[in-house]
Amino acid sequence: MKFTGISKVFSTVDEKQYVTIGAFWDEMAARYSRSNLKGLGYHWSDDSIEYVIGLKDGVIDGTNCEVSLPDEGWQTVCGKTKNLGELYSEIYKEDVLQYEIEMFDDEGNCQIMYYR
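## A short note on the sheet that holds strand β2 (residues 37-42)
The strands that make up a sheet are held in pairs by hydrogen bonds between backbone atoms, and each pair lies either parallel or antiparallel. In space, the 7 strands of this open sheet follow the order β4-β1-β3-β2-β6-β7-β5, with antiparallel pairing throughout. Where the open sheet ends on each side, the last strands, each with one partner, are β4 (65-68) and β5 (75-80). Here the strands of the sheet are splayed against their neighbours by 30° on average, with no regard to which way each runs. In this structure, strand β1 (residues 2-11) lies alongside β4, joined through 4 bridges in antiparallel fashion. Pairing of phenylalanine 3 across the sheet is with valine 67, part of β4. The sheet contacts of helix α2 (residues 84-94) involve β5, β6 (99-104) and β7 (109-115), and relative to β7 the element is tilted by about 25°.

So this is what it looks like as structure tokens:
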């Protein structure tokens, strides 16, 4: 599977990524509608994460990144966006991730697909 979109690197120090990636989502949602977007997190380091936002269908304007992802072996969790930190705490109890794909809607729901 290929994931294409606009890539940025965000700090994970003091969990700042929730605010900064959230602002990135808000910026892209104003242009494309939140329900049309998906986000990919990968390339974690001790203090950063690379994050790509793309369209669920089609190619987003300004695409600067294409990532090859595994076709199988993904797990999915659904919940409320306001509980995102707690959802990730549960996911990370088992082990670290190689990839995560996030999808959100304007009703406060989220879906997280992750691959170890």
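After that view, the rundown keeps rolling.
## Focus on helix α1 (residues 17-32)
Under the 1.5 Å per step criterion, the end-to-end length of α1 is 21 Å for 16 residues, consistent within 8% with the ideal 22 Å. Within the sequence span of α1, burial applies to Gln17, Ile21, Phe24, Trp25, Met28, Ala29 and Tyr32. The buried residues of α1 occupy an angular sector of 135° when projected down its axis, which confines them to one face. Turned more than 90 degrees from where α1 packs its buried face, Val19 and Ala30 sit exposed. Tucked inside the fold, the buried residues of α1 contact β1, β2, β3 (48-55) and β6. The positive-phi residue at the C-terminal boundary of α1 is serine 33, with phi of around 80°.

Definitions and cut-offs
- Residues numbered from 1 in each chain as written.
- Predicted model: local features only at pLDDT ≥ 70, side-chain atom pairs only at ≥ 80, totals over all residues.
- Heavy atoms only, no water.
- Pairing = 2+ DSSP bridges.
- Helix = DSSP H or I, 4+ residues; strand = E, 2+ residues; numbered from the N terminus.
- Axes fitted to C-alpha atoms, helices over the stretch in contact; angles between N-to-C directions.
- Contact = heavy atoms within 4.5 Å.
- Expected span 1.5 Å × (residues − 1).
- Buried < 20%, exposed > 50% of the residue type's maximum accessible area, 1.4 Å probe, protein only.
- Arc of directions from axis to C-beta.

So, to be careful, I would describe these as geometric facts and stop short of saying anything about function.
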